[in-house]
Amino acid sequence: MSGVFDKFARFPLAHLPTPLTEMKPLRASLGPACPRLFIKRDDCTGLGGGGNKTRKLEFIIGEALAQGCDTIVTTGALQSNHARQTAAAANTAGLKPVLVLLDMVAYEGHAYRRSGNRLLDDIFGADVRIIPQGSDPTAFFKQVMDELKASGCKPYFTPAGGSTVTGSLGYAAAYVEIADQLAERGIAPARIVHASSSGGTQAGLVAGRQLRPEGPLVHGINVYRLDTDKMREDITALANDTAGRLGVAAPMPGDVLLEDGFVGEAYGIPTPEMVEAVELLARREGILLDPVYTGKGMAGMLALIRRGAFAREEALVFLHTGGMPGLFAYEEEFKKG
Ligand SMILES: Cc1ncc(COP(=O)(O)O)c(C=O)c1O
């Protein structure tokens, strides 16, 4: 791995490099105009069910330990993969995990509030606090932090998705890993396609491209916010700050490619295209996506392929960012009988 990352505190958590494999059966099912398709298996990062947060958490936990903290506090939706992975990472680092979860998704599936990632949070022994409906999340947060400090803890806070400059370093390093894997195998030109939400993954990848300027383009599929332009602006700002921390030039304004049109009604609410994508990957490739992020991200990539948006010569690398436990929270969408 490039020495540029050596100056940052880092706690090893991930099984790296993750595999990069070709999806030939999926490509065959999409017709002759489909480019070569690859998948980067960051669902196989190894920690507590895998997923993209493991790479971010290497730097987040590294920083928390360097600051002498003994507790890590984070937040997210009830089915947050980030919260679940933070709990697992904290356990391996000897930190106490505190998860402040927001019941923000209007999904009424019977398992949503108790299975999937919520179940795993309990198995990891996290201290889970659910923000009561109608209460002010900022005030609730302050109360939790004050309580932890009063009890003698030294908490480290990382926001939803771990999408800070520190967390994004994990995906700058991932970019280098992917670019090197593609170069070793002579795969070019190429484009990374992935689900984008709190933005740290995309910001890190875009900043990482400044270390390998000939590497693949980065193409996010918005699965989170209804205002894609504002989200693009925020990701660009985070990418610039991450590049600054790395000591490389800021990316160009147009480097943050973010596709609109695949969130559906709202974050966390299933779409028929997501269900189709999850089933297609399971049935063609034996790969499990998730209902909130990678299912919608893959649905976006499939729609763009079908519209002829990508050149046939350009290999597409779908970055599988994990989230499989979420399938169990949304079982009604998939159960046949
Ligand atoms: C499975 C999965 N994929 C993608 C993302 C999006 O990553 P980011 O929040 O860095 O945009 C998340 C974030 O929670 C996730 O859990």
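As the structure is a computational prediction, the values presented were derived from the model and not from experiment.

Helix and strand counts for the protein stand at 10 helices and 10 strands. Whereas a compact globule of 337 residues would reach a radius of gyration of roughly 20 Å, the protein reaches 19 Å, a difference of no more than 12%. Along the first, second and third principal axes, the C-alpha set of the protein runs to 65 × 55 × 35 Å. Buried residues in the protein amount to 59% of all 337 residues. The contacts in the protein between residues at least 6 apart in sequence include a share of 80% that link residues at least 24 apart. About 13,300 Å² of surface is accessible on the protein, with carbon and sulfur atoms providing 54% of the total. Of the side-chain charges in the protein, 35 are positive and 38 negative, and the distance between the mean point of each set is 3 Å.

Let's shift gears to the pairing of strand S10 (residues 315–320). Remark: a regular strand shows side chains that alternate across the two faces of the sheet. Within S10, 6 of the 6 residues are buried, which leaves it mostly tucked inside the rest of the structure. Residues Ala 315, Val 317 and Leu 319 of S10 are buried on one face, and the alternating residues Leu 316, Phe 318 and His 320, pointing to the opposite face, are buried as well.

Scanning all chains against the criterion turns up 22 salt bridges. We note a salt bridge from Glu 108 to Arg 113, for which the minimum N-O separation is 4.0 Å. Under the relative-accessibility criterion, Arg 113 is labelled partly exposed at 32%. Through salt bridges with shared partners, a single ionic network connects Lys 40, Asp 42, Arg 55 and Glu 177.

About the thresholds
Residues numbered from 1 in each chain as written. Predicted model: local features only at pLDDT ≥ 70, side-chain atom pairs only at ≥ 80, totals over all residues. Heavy atoms only, no water. Helix = DSSP H or I, 4+ residues; strand = E, 2+ residues; numbered from the N terminus. Rg over C-alpha atoms; globule rule 2.2 N^0.38 Å. Buried < 20%, exposed > 50% of the residue type's maximum accessible area, 1.4 Å probe, protein only. Contact = heavy atoms within 4.5 Å. Areas by Shrake-Rupley, 256 points an atom, 1.4 Å probe, with all protein chains shown as cover. Lys, Arg positive; Asp, Glu negative; His and termini not counted. Charge placed at Lys NZ, Arg CZ, Asp CG, Glu CD. Salt bridge = Lys/Arg side-chain N within 4 Å of Asp/Glu carboxyl O.

Fair warning: the whole summary comes from geometry, so function is off the table for now.
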